[in-house]
Amino acid sequence: MSLKARVKLYRVSKGRDKVERAWELVREAAKYSNREPYWEFLKKNFDVRPEDIKDALRYLEEHGEVQIKRSIDGKRLYVSTLKDIRENPVRLDRWLGLT
């Protein structure tokens, strides 16, 4: 399934299904997090707006699923968060079922 299709499914989803769709979208987007410049790469190759990925990350953060990294001045670091998700797709404590 393409990244653009995942964005559309995320937008129309509700409830617990929306959380699952957001995770699918974020994990797919994280696969390309090493490409520079990241947001231009997504727009050029997949016709996906940066706001779509950022919105999914914020939604997951609101529901306690992920914590977006922040810089010293408090700005959200979306690409760094995606890189972390790519490198560590499942945290050990979640894998063990502790949370």
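The coordinates are above.
The following refers to the structure shown. Because the structure is predicted, anything quoted here is derived from the model rather than measured.

Calculation criteria
Residues numbered from 1 in each chain as written. Predicted model: local features only at pLDDT ≥ 70, side-chain atom pairs only at ≥ 80, totals over all residues. Heavy atoms only, no water. Salt bridge = Lys/Arg side-chain N within 4 Å of Asp/Glu carboxyl O. Helix = DSSP H or I, 4+ residues; strand = E, 2+ residues; numbered from the N terminus. Buried < 20%, exposed > 50% of the residue type's maximum accessible area, 1.4 Å probe, protein only.

**A look at the pattern of salt bridges**
Next up, step 1: In the structure shown here, the tally under the stated rule is 12 salt bridges.
Next up, step 2: Two residues, Lys83 and Glu36, come together in a salt bridge whose shortest N-O distance is 3.7 Å. On the criterion of sequence distance, the pair formed by Lys83 in helix H5 (residues 78–87) and Glu36 in the loop between helix H2 (15–30) and helix H3 (38–46) is long-range, its members being 47 residues apart.
Next up, step 3: Its relative accessible area of 59% is what places Glu36 among the exposed residues.
Next up, step 4: One salt bridge in this structure joins Arg49 and Asp52, with 2.9 Å as the shortest N-O distance.
Next up, step 5: A relative accessible area of 41% means that Arg49 is categorised as partly exposed.
Next up, step 6: For Asp52, a relative accessible area of 8% translates into the label buried.
Next up, step 7: Members of the salt-bridge network, linked through shared partners, are Arg6, Asp17, Arg21, Glu24, Glu28 and Lys31.

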